[in-house]
Structure formats: C-alpha cells, structure tokens
Amino acid sequence: MIDDIKTFLKKYWYFILMGFIMGVGACYRIESYFIGRQIWHDEAMLLENFIFNDGFFWIFRPLKCFQMAPFGYLFAVKILTIFFGMGDFVLRFVPFLASLISIPVFYMLSKKFLNTKHTIIFANVLFCTNFLLARYASEFKQYGLDVLVFMATLLWVQKIDIKSLNFYSAASISVIFSILFFVSQPTVFLLFGFICYGLLKNIKNYKLYVIPILPLIFVILYKMSFSPVFNEYMNDFWILGFIAPNTFFGFIKNNLIFFLTQQNYLKFLLPFTAFGAFIFLFKTTKIHRILLFSMFGMIIASLLKCYPLSERLILYLIPFFIIFTVFPFDFKFKNKKIDSIVSTVISIFLALFIFLFQLKILCPGRIDAIYNISRPKDGIKVLMEYFEPKNDIIVLPNSGVFTFNYYSDVLNFNIDKDKIAIVNFYDDEEFKSWLSNVGENSNKFPNYWIFIPDNYPMKNTLYSVLWLNEQKKKNGFRMHLSSRTILYKINF
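Residue numbers restart at each chain and count upward from 1, following the sequence in its written direction. Totals for whole chains, interfaces and linings use all residues, but because this is a predicted model, local features are given only for residues with pLDDT of at least 70 and pairs of side-chain atoms are given and counted only at 80 or more. Side-chain numbers come from the whole structure's heavy atoms, not from hydrogens or water.

**Brief notes about the packing of aromatic side chains**
Only centres within 6.5 Å qualify two rings of Phe, Tyr or Trp (six-membered ring in Trp) as a pair; their planes then separate them into stacked at under 30 degrees, edge-to-face at over 60, and tilted for everything else. A full pass over the atoms with the stated rule returns 50 aromatic pairs. By way of ring pairs, the aromatic residues Phe60, Phe66, Phe71, Phe181, Phe182, Phe218, Tyr222, Phe226, Phe230, Tyr233, Phe237 and Trp238 are connected into one cluster. Stacked on the ring of Tyr14, the Lys or Arg Lys117 has its end atom at 5.1 Å from the ring centre. To sit over a ring, a charge needs its Lys NZ or Arg CZ within 6 Å of the ring centre and within 35 degrees of the ring normal.

**Remarks on the environment of Leu132**
Under the scheme used here, helices are H or I runs from DSSP no shorter than 4 residues and strands are E runs no shorter than 2 residues, and both carry numbers assigned from the N terminus. Tracing the chain through its elements places Leu132 in helix 7 (residues 131–135). The residues contacting Leu132, other than those within four sequence positions of it, are Phe258, Phe259, Thr261, Gln263, Leu315 and Ile318. In this analysis, two residues are considered to be in contact whenever any of their non-hydrogen atoms come within 4.5 Å of each other.

**Some remarks on unusual backbone geometry**
The phi dihedral of Phe66 is positive, around 55 degrees, even though this residue is not glycine. Mapping Phe66 onto the fold places it in the loop between helix 2 (41–51) and helix 3 (71–84). Residue Glu311 is not a glycine yet carries a positive backbone phi of 45 degrees. By the element assignment, Glu311 lies in the loop between helix 15 (286–303) and helix 16 (318–326). The rule is simple: take the accessible area with a 1.4 Å probe, protein chains only, and divide by the maximum for that residue type; under 20% is buried, over 50% is exposed, in between is partly exposed. According to the relative accessible area criterion, Glu311 is partly exposed, its value standing at 22%.

**What to know about a nonpolar patch on the surface**
Nonpolar side chains (Val, Leu, Ile, Met, Phe, Trp, Tyr) within 5 Å and like charges within 9 Å form the patches, drawn only from residues with over 30% relative accessible area and no salt bridge. Using a 1.4 Å probe, accessible areas were evaluated by the Shrake-Rupley method; residue-level cover was limited to the displayed protein chains. What counts as a salt bridge is simple: a side-chain nitrogen of Lys or Arg found within 4 Å of a carboxyl oxygen of Asp or Glu. Residues Phe192, Phe296, Ile299, Ile300, Leu303 and Leu304 make up a contiguous nonpolar surface patch of roughly 550 Å² in combined accessible area. With 4 residues, the top contributor of residues to the nonpolar patch is helix 15. Within the secondary structure, Ile299 is located in helix 15.

**Quick notes on the side chain of Glu139**
Mapped onto the secondary structure, Glu139 falls in the loop between helix 7 and helix 8 (143–157). A polar side-chain atom of Glu139 sits 3.0 Å from a polar atom in the side chain of Trp40. We define a polar contact as two N or O atoms separated by no more than 3.5 Å, with the added condition that, inside protein, one atom must be a possible hydrogen donor and the other a possible acceptor, whereas residues neighbouring each other in sequence contribute only through side-chain atom pairs. Reaching out from Glu139, the side chain makes a polar contact with the side chain of Arg135 at a distance of 3.3 Å. Those residues in contact with Glu139 that lie beyond four places of it in its chain are Arg37, Trp40, Glu43, Arg92 and Pro95.

These figures come from the coordinates and say nothing about function on their own.
Below you can see the structure in the form of structure tokens.
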C-alpha cells in the first residue's frame, strides 16, 4: 500500500502540485470577488455610463467622465446587467471569470516559454499569488480581461503557419484581430509583433499585408472619435506612461511601485527579473520573437503618445514580468542526480510557500488590502444612523456625487437635495468661497458632514485638505472608513 502511494506520488507529483497551486490561485480570486468590496472612484466613473445611457449604441461612442473601455467588454457587462441587475457582483463578473480562466491559460503559456518543471512551478506560484491580478479580478474595469485575452492571443498567433497563408486565411486573421481589438485593445500590439515576425521571415509574402488592413482602420476610427479635450486630458493624466527623456526614470519607478503593490518580497527578485529580460532578448523561438516585436510596438506607441505604458494599463504584462523573473532559473545540470536534487528542493520550497500563503501565514493582509480600497457604502450607513435633517448638511466633493447617489439608492437613503452641498475640493478659490457662505449660515445649519467617498486624487497641499485637518483638531472628528474613504463631522 505504502509502495503504491510512493509510486503514485513519484509519477504524478508534478500534476498534484500544479493542481494545488492553481486551486490556491482560484481561491484567492474567489475570495477577493466575494469579500464584499465596494465601488471606488474609477469604477464609479465607468458605472455612470451604464446608468445614464439606455440601449447599446452608446458603447460605440466616447464614454463620459473621461473613461475608456473596449466595446466588447461594455457589451458583455451590459448584457449581464439586463438579466441580473446593476449589483456590484454583476458588474465585476466579467473580470472575475476572466481571472479564473487566465490561471490554466498562464500554465499553457509558461510551458511555451520555460523548459524545466521547477521554473514552470515557480512561475505559476508567482502568477497565482499575485496581488494585482487578484485585485483586478474583482474590479469593474477591463484590465483583468486584458490579461487573459493577451495571453490567449499570443498562444494563438504563435501557432499560425505563415508559410501556408492564403488570402482567405489572411482575411480571416484580419477579422479575428479586429474582433479582438473590440474586446481588448492591447492585442493590437500582438498584431504588430506577428506582422513584424512574418515580414522578417519573408518580406515578399504579400498575403501578410492583408492582415493589418481592417484592424488598422478600426484603430484609426477609434482614435479619431475622441475630442481634443479628451486627448489632452489623457495625455496629462497618464504623462508618466509616455516614454520621454524627462520622464524616463519616473516611468520606470512608477511602474515598479505598481507591480510590487502589496508584494514587497518581489523586490528581492528584481535583479533576476532584469537578468531574465536580458536573456529574453536572445531567445529565437517564434513565440519569443513575436512577444519581443510586440513590446517594441508598445514602446513606439508610448513614444508617439498613442498608448501609455503605465500601471493598470499594462496589467497584461504581469505574466511576462513573472516569466522574466524565473528565466535565470530555467536550466538543467548535466549531472542528472544534481539536477534532480535542485529541482526537488526548489519544488518543496515553492510547495511550502503556496501552502503558507493559502493559510494566510504569509501575506496575511492581502484580502483586507482589496476590501479596504474604498468604503463609500459604509460611510452612507453611518450617515443613515447619525444624520439629523433639521441641523445637518452633507457636503460632497463633486467627484464623489455619483458614488454617493449610487449607494444611497442601494441603501434607500432618501434625503432632500437642499440638504446636500456639492463643493469642488480641488479648487482652492472655490472652496474658500464656499467656506465664506458657510460662515453666514452657521446658525441655521451648525453641523456639516463632509463625506469624501474616495479621496483619489486628493493632494495634501490642497487648501481643503489642510482646512479639514485643522478643523478635526478643533471641533470635529474624522472617521477613516478605508484608505480612501473619509467622513468628517464639523461643528461651525
């Protein structure tokens, strides 16, 4: 019996361990989805488009609130809301489902890039325990979907036989890439990489020139649909995502900070990531070259200010950040016995890590970090209990009005509009003008509940922030509901 178990484990240990790793990754994403996370500022701005637009045609127009999302993602979410309503879980279902599917897809991808079992295990451990991938699995944005679609598209294009292309197959690939662009915009970089790879193999293969025509038309039409005001806003907002001599170090620092969010242990692996990226440059297989040319396309797009390479907009690169990290370990010793010992030690260490991770002995606060991003619903619950309509006024920053209205409807918190003051906390002069008016009416309404559903991007140098902190010391209190959600009560 014991010998049978030993034989079984010796034969299937790799698949058992990989199944356990994938199970932990799935549990992490399921837990982050069902934890009861609330809508934060960026999600609220996208949600506003769903609430104030009827039908489906609006998804093909530029979105309100300076938002961007691919048509396919908007369409999928719209269908879900029609059948299941506008709840938080419904809104987040598409990225959640994509995150679960991405686990086995990454396993298939890692097998294409890596040669040894211990490095494939290593890569999948890092992927399944990645905080950002779990966070965006429960976020009402398209970035989690980008990760899945980018990986799946790369696996698909590397299988295309360029030599056997005919005009029909080239046209079919063109249509598929056009559809993929509607689902996930970064796939256009893979199109660039695939075409570059094909032309280097045979520049006279004229069928290749057919493929980018239709996707390129859609990309140009999409970019032309945005107003100059929108483009100027996006260029300013994502300035660190556009590579330039004066922002290069900010570009590197900003993205490294983002990629290491809630994962300080990855700092020790950064030298290996850099070395792995160097190794990647000299890989000559088809999938490596297509990815390399795709990355060149990303750099060109950033230099031309067509697509910013910044933070969540490049979440789809995390799988490759992980693969680069494990590249330096992807080798075998000539001595089979030594190689077996090293592989076993690494695998045992990784199995212990994933086990302790699942028990929350390692990274214990990872779910709380997702749960506490923003808690506007909790703030409204406090107001429902303590707000007195006769003496109190609720003050909202103009950026938090929609979030407040959304959760007020969810909780059935009905309040007269004349009891709500909307103030621009980001304009010092406007805020000072509001304070002057408050002083004149302080006898009528002595208590002001200043509710900031999401303090993003409130800066500590703003007069409003300095004033609120001073008032808290004098005659009020401040309740931190989360890292971003703050509720003040100030008595004038």
